[in-house]
Structure formats: C-alpha cells, structure tokens
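Here's the letter readout for the chains.
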Amino acid sequence: MADIIHMTKTNISEDKIKFYNLHKSFFSDLDNTSCEVFDKKVIIFENSNENADPASVELELKKDGIYTIYYWDGYSLADTYQTKDYNSAIKQYKKYAKKLAKNLRRY
C-alpha cells in the first residue's frame, strides 16, 4: 500500500524549482539553452537553430514506473540510464546535465 501511495505522489513538476536552479547553476554562462519541466518529464536542451537534433538531457517517468534519463550530445554520443528510484534518477540527471554543459562550452 505504501508503494502505491508513493508512486502516485511522484510528479517531476513538483521539483520544478530544483530543476530550474540546476539549469541556472550549470548553464548560466550559456545563452542558448532552455529548461522545460512537465508533470512527467524535464528536459534541458540547446535551443540554437543550427542543429536539427540539438544536444539535450531528459528525465522522463514512464508508465511502468521507470525513470529514464536520456543524454544526447548533438553529434554522435547518446546514453540512456533507467531506474525505479527517483533519487538515483535525479543524481544521474545531474551528472548528464553537467556533462552536457561541459560539452556545449567546447563548441
């Protein structure tokens, strides 16, 4: 019963301030990035018109209760991480976001 209550309570948008602050801290010097938070998804992406498939990091809660984190560098490197634990998902999302910021500064 406790697991059911916990699962229905988890909503990514409840942590929107946390995600916006993460975006500000890692990407403050990069003007061409955006952060969008939805109920079951958060994405930080490069919003330049130069790349049809822009670099991004995305955290999404799937219907089966699995959090999936996608990392795309905008060129050739893609990575995916999955977990049922929200805290692990946040931790991995932060790692990928930091990696994305570092890569965007190079280009």
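A brief report on the enclosed structure follows. (Residues numbered from 1 in each chain as written. Predicted model: local features only at pLDDT ≥ 70, side-chain atom pairs only at ≥ 80, totals over all residues. Heavy atoms only, no water.)

## Digging into the packing of aromatic side chains
Here is step 1: Evaluation of the coordinates by the stated rule reveals 3 aromatic pairs.
Here is step 2: With centroids separated by 5.7 Å and ring planes inclined at 85°, the aromatic side chains of Phe19 and Tyr93 adopt a geometry described as edge-to-face. Placement of the pair is Phe19 in helix H2 (residues 16–27) and Tyr93 in helix H3 (residues 86–106), with a sequence separation of 74 residues. For the residue pair Phe19 and Tyr93, the accessibility class agrees, reading buried in each case.
Here is step 3: Measuring from ring centre to ring centre gives 5.2 Å for Tyr67 and Tyr86, while their planes differ by 50°; the resulting arrangement is tilted. On the criterion of sequence distance, the pair formed by Tyr67 in strand E4 (residues 67–72) and Tyr86 in helix H3 is long-range, its members being 19 residues apart. (Phe/Tyr/Trp six-rings, centres within 6.5 Å; stacked < 30°, edge-to-face > 60°. Helix = DSSP H or I, 4+ residues; strand = E, 2+ residues; numbered from the N terminus. Buried < 20%, exposed > 50% of the residue type's maximum accessible area, 1.4 Å probe, protein only.)

## Observations regarding the nonpolar core
Proteins that are soluble and globular tend to have nonpolar side chains buried together.
Here is step 1: Counting 25 residues, the largest nonpolar core has Phe19, Ile44, Leu59 and Tyr93 as the members making the most contacts within it.
Here is step 2: At the level of secondary structure, the elements contributing two or more residues to this core comprise H2, strand E1 (33–37), strand E2 (41–46), strand E3 (56–61), E4 and H3.
Here is step 3: The residues contacting Ile44, other than those within four sequence positions of it, are Leu22, His23, Phe27, Ser34, Cys35, Ala55, Ser56, Val57, Tyr93, Ala97 and Leu100. (Core = buried A, V, L, I, M, F, W, Y, C linked by side-chain atoms within 4.5 Å. Contact = heavy atoms within 4.5 Å.)

## Quick notes on the side chain of Thr33
Here is step 1: Position of Thr33 relative to the elements: it lies in strand E1.
Here is step 2: The exposure class of Thr33 is buried, given its relative accessible area of 9%.
Here is step 3: Sequence-distant contacts of Thr33, that is, excluding residues within four places in its chain, are made with His23, Phe27, Phe45, Glu46, Asn47 and Leu104.

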